[in-house]
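Secondary and tertiary structure notes
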Amino acid sequence: MAKGKTKKQNKKTKSMGKIYHKKTEVDGITFDSQTEAEYYQYLKEEMNQRHVRKFEMQKEFILQEKFLIVNGERIDESNKDFKKIQKANPGCTTQAIKYIADFIVHYSDGTIKVIDVKGQKTVDFKIKEKMFNYRYPEYNKLYCVVKYNGQWMEYDEANKIKREKKKNKSK
């Protein structure tokens with residue numbers, strides 16, 4: 001436990017891996033982080049300005065289906081006998097890998113983006129991002145956004161700006 005922190009104080013903060021996020025409530029909706037709540041408010045403003053038609057929150061995507069390995073053979077959940085085989089072979093089931101998107105944004109120009117709000121890309125997110133992009137090409141890609149210098153932008157764009165600033169500073 002961090003110096004000076006009590007258990008009660010730590011309960012106010014949700015641990016997601018090694019990164020701590022403070023749950024924040026806006027419009028009766030509880031968000032995993034303050035940043036995610038701020039992005040929600042940003043999307044509401046974008047709707048008022050008619051740049052965004054609508055948005056969805058917390059949509060689940062299956063990146064890999066549930067399956068069984070029995071006698072060295074993979075049996076997918078789509079197999080008509082899956083449940084019967086699963087009952088006959090307890091402990092052989094590998095659960096599905098899921099990704100829950102923070103937002104699905106439908107823009108006025110018809111573009112749809114799947115967006116995750118991050119302070120930094122975790123190793124886990126990078127893997128799920130690759131799996132998502134492979135599995136759901138119709139969405140073009142999974143967008144990771146951050147707030148940088150008061151503006152919302154793609155994570156990679158913000159990092160590029162930071163690198164340029166650092167490079168120019170060292171000259």
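Residues numbered from 1 in each chain as written. Predicted model: local features only at pLDDT ≥ 70, side-chain atom pairs only at ≥ 80, totals over all residues. Heavy atoms only, no water.

Examining the environment of Tyr-143
Secondary-structure assignment places Tyr-143 in strand 11 (residues 142-148). Sequence-wise, Tyr-143 and Asp-156 are 13 residues apart; in three dimensions their C-alpha atoms are separated by 9.5 Å. Ignoring anything within four residues of it in the chain, the contact list for Tyr-143 reads Lys-113, Val-114, Ile-115, Asp-116 and Glu-154. Here the side chain of Tyr-143 touches Asn-140 through a polar contact of 3.2 Å, side chain to side chain. (Helix = DSSP H or I, 4+ residues; strand = E, 2+ residues; numbered from the N terminus. Contact = heavy atoms within 4.5 Å. Polar contact = N/O pair within 3.5 Å; in protein donor to acceptor, adjacent residues only side chain to side chain.)

Comments concerning the sheet that holds strand 5 (residues 52-64)
In spatial order, the strands read 5-9-10-11-12; together these five strands make up an open sheet with mixed pairing. At either end of the open sheet lies a strand with only one pairing partner, and these are strand 5 and strand 12 (151-154). On average, each strand axis in the sheet is inclined to that of its neighbour by 40 degrees, with strand direction left out of account. Sheet topology note: the strand 9 (residues 97-107)/strand 10 (residues 112-117) ladder contains four bridges and is antiparallel. Looking at the pairing, Val-105 lines up with Lys-113 of strand 10. Lying over the sheet, helix 4 (residues 123-135) contacts strand 5, strand 9, strand 10 and strand 11, oriented at roughly 100 degrees with respect to strand 5. (Pairing = 2+ DSSP bridges. Axes fitted to C-alpha atoms, helices over the stretch in contact; angles between N-to-C directions.)

A closer look at the packing of aromatic side chains
Applying the stated rule across the entire model yields 14 aromatic pairs. Consider the rings of Tyr-39 and Phe-103, whose centres lie 5.4 Å apart with planes at 55 degrees: the pair is tilted. Taken together, the positions of Tyr-39 in helix 2 (residues 34-48) and Phe-103 in strand 9 put the pair 64 residues apart, joining distant regions of the chain. Residues Tyr-39 and Trp-152 carry aromatic rings whose centres are separated by 4.8 Å and whose planes lie at 80 degrees to one another, so their mutual orientation is edge-to-face. With Tyr-39 in helix 2 and Trp-152 in strand 12, the pair connects residues that are 113 residues apart, well separated along the chain. With relative accessibility at 3%, the residue Tyr-39 sits in the buried group. Residue Trp-152 is classed as buried on the basis of its relative accessible area of 16%. An aromatic cluster is built from Phe-31, Tyr-39, Tyr-40, Tyr-42, Phe-55, Phe-103 and Trp-152, whose rings are joined through pairwise contacts. A cation sits over an aromatic face here: Lys-113 above Tyr-143, 4.5 Å from the ring centre. (Phe/Tyr/Trp six-rings, centres within 6.5 Å; stacked < 30°, edge-to-face > 60°. Buried < 20%, exposed > 50% of the residue type's maximum accessible area, 1.4 Å probe, protein only. Lys NZ or Arg CZ within 6 Å of the ring centre and 35° of its normal.)

Let's talk about the pairing of strand 10
The side chains of a regular strand alternate, first on one face of the sheet and then on the other. If you look at the hairpin formed by strand 9 and strand 10, you'll find four residues sitting between the two strands, and Gly-110 has a positive phi there, around 95 degrees. With four bridges connecting them, strand 10 and strand 11 associate as parallel partners. Within strand 11, the position partnered with Ile-115 by the bridge is Tyr-143. In the classification by handedness, the crossover that spans strand 10, the intervening helix 4 and the parallel strand 11 is right-handed. (Right-handed = clockwise from strand over helix to strand, strands pointing away.)

So, the nonpolar core
Grouped together as the largest cluster of nonpolar side chains are 17 residues, with contacts concentrated most on Phe-61, Tyr-99, Val-114 and Phe-132. At the level of elements, strand 5, strand 9, helix 4, strand 11 and helix 5 (155-169) are the ones that each hand at least two residues to this core. Among the elements that line this core, the one with the most residues is strand 11, at four residues. In this view, Phe-132 contacts Phe-61, Leu-63, Tyr-99, Val-114, Tyr-139, Lys-141 and Leu-142; residues no more than four positions away in its chain are not counted. Formed by 16 residues, the second largest nonpolar core is a distinct cluster that contains Leu-43, Val-52, Val-105 and Trp-152. (Core = buried A, V, L, I, M, F, W, Y, C linked by side-chain atoms within 4.5 Å.)

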